[in-house]
Amino acid sequence: MSKHPTQFWHALPDGRVQCDVCPRACQLHEGQQGFCFMRGCRDGALVLDGYGRSSGFCVDPIEKKPLNHFLPGTPVLSFGTAGCNLACRFCQNWDMSKSREQDTLAAAATPEAIARRAAQLGCRSVAYTYNDPVIFLEYAVDTAAACRALGIRNVAVTAGYVSPGAREVFFAAMDAANVDLKAFTEDFYHRVCGAHLAPVLDTLRYLHHETQVWVELTTLLIPGYNDSDQELDAMTCWVVDNLGVDVPMHFTAYHPDWKLRDAPPTPPATLRHACEIARRNGVRYAYTGNVHDSAGDSTWCRHCGALLIERDWYQLGAWGLDDQGRCRSCGTPLPGVFEARPGTWGPRRLPVSFG
């Protein structure tokens, strides 16, 4: 297993090392791995285990990340590793993010090979996803640099649980991010995710005020846990006050998985209601997800109400933007990153191997 040097750590007086990538701040003896599984103490230093290895590669539609205002309709080469720095009991990718087995990292590829393959496949971007990419920061940042050299953009799908310093380096390599805002109470983050809310909010404020990264938010609504009107009202008001009215919010459906199986699947009506609360509080672009709801997943002009981007699952339909990303009916710009014409990848999922 490859062991790669890391930047964000320091030695402690008692001989341990402390990881400074995320607020968990794991303090490790020689031979120990951090909570995330990917970072460990070897020969008195903190190293990234498994650099250059992945749990798998796949070409997805960019809308699956989900990103609705970033290169719509285009293919994105996606990959992740193993482990995670959160402990979400409801994890929908638990087979990878909760894995602590080296055999999970069965696919090998250098950053340069990933960039070349993305270009060969016609991908407009590469996504660091499936588990949280901040835990394999060095691999992600090196891959992002190789991608940028070929004109390929970079996408982070992350919980935003990352410390200052590390987040500056990580997000400097990214062009877009979908951040999981898992709830809006400290109790939920502590009890259900084994983490804290405040560092995530700090990351969101940092992204909005100090970077050019295009940001969208996702909240998986779990009945009885984080879907109350009071919590959704507080969350969406905070987003408008701190991030502005143009940050898209995705409210997605939970299904029982991993260690949280006592809640029922999220009713589509709950997602639509969350979108209504968001819009009432000023959020201009609120979407439903993980359910078949073309109207709730499509993009409409905030000024004249015209249909700008029609979506049916991951298939694009009507396109109402001009080549400058403005509404063809009234000329109102749509915030985001758009090309003159939409992509045509559709809902396909293409596994990719490196030989």
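Up top you'll find the structure we're talking about.
Predicted model only: the values in this text are computed from it and were never measured. (Residues numbered from 1 in each chain as written. Predicted model: local features only at pLDDT ≥ 70, side-chain atom pairs only at ≥ 80, totals over all residues. Heavy atoms only, no water.)

1. Some details on the side chain of Thr6
With respect to the helices and strands, the residue Thr6 is situated in the loop between β1 (3-5) and β2 (9-11). A polar atom in the side chain of Thr6 sits 2.6 Å from the backbone oxygen of Leu46. With sequence-adjacent residues up to four places away left out, Thr6 is seen in contact with Arg39, Leu46, Val47, Leu48 and Glu138. (Helix = DSSP H or I, 4+ residues; strand = E, 2+ residues; numbered from the N terminus. Polar contact = N/O pair within 3.5 Å; in protein donor to acceptor, adjacent residues only side chain to side chain. Contact = heavy atoms within 4.5 Å.)

2. Topic: the pairing of strand β14 (residues 214-221)
Along β14, eight of the eight residues are buried, which leaves the element largely enclosed by surrounding structure. What you see with β14 is no split at all: Trp214, Glu216, Thr218 and Leu220 on one side and Val215, Leu217, Thr219 and Leu221 on the other are buried throughout. As paired strands, strand β13 (residues 176-180) and β14 are joined by five bridges and run parallel to one another. Within β14, the residue paired with Ala176 across the bridge is Trp214. Bridge analysis of β14 against strand β15 (residues 249-253) gives five bridges, and the strand direction is parallel. Bridging across to β15, Thr218 finds its partner in His250. In this view, the connection linking β14 to its parallel neighbour β15 by way of helix α7 (residues 229-243) has right-handed handedness. (Buried < 20%, exposed > 50% of the residue type's maximum accessible area, 1.4 Å probe, protein only. Pairing = 2+ DSSP bridges. Right-handed = clockwise from strand over helix to strand, strands pointing away.)

3. Things to note about unusual backbone geometry
Where the residue is not glycine, phi is negative for most of them; where a peptide bond is considered, it is trans in most cases. Along the chain, Lys65 connects to Pro66 via a cis peptide bond; the corresponding omega equals -10°. With respect to the helices and strands, Pro66 occurs in the loop between β8 (56-61) and β9 (75-80). Although it is not a glycine, Asn290 sits at a positive phi angle of roughly 65°. Position of Asn290 among the secondary structure elements: in the loop between β16 (286-289) and α9 (294-297). Among the residues examined, Asn290 registers a relative accessible area of 47% and is labelled partly exposed.

4. A word on the sheet that holds strand β18 (residues 307-312)
The strand order across the open sheet formed by three strands is β17-β18-β19, and the pairing between neighbours is antiparallel. In this open sheet, the two strands that pair with only one neighbour each are β17 (299-300) and β19 (315-319).

5. A few points about the side chain of Asp297
As for its position among the elements, Asp297 is in helix α9. For Asp297, which is buried and forms no salt bridge, the nearest opposite charge comes from Arg311, at a distance of 5.2 Å. With residues near it in sequence (within four places) discarded, Asp297 still touches Asn68, Tyr287, Thr288, Arg311 and Trp313. (Lys, Arg positive; Asp, Glu negative; His and termini not counted. Salt bridge = Lys/Arg side-chain N within 4 Å of Asp/Glu carboxyl O.)

6. So, the nonpolar core
Soluble globular proteins tend to bury their nonpolar side chains together. Counting 96 residues, the largest nonpolar core has Phe90, Phe171, Leu217 and Phe251 as the members making the most contacts within it. Not counting the four nearest positions on each side in its chain, Leu217 is found in contact with Asn178, Val179, Leu181, Leu204, Val239, Leu243, Val247, Pro248, Met249 and His250. (Core = buried A, V, L, I, M, F, W, Y, C linked by side-chain atoms within 4.5 Å.)

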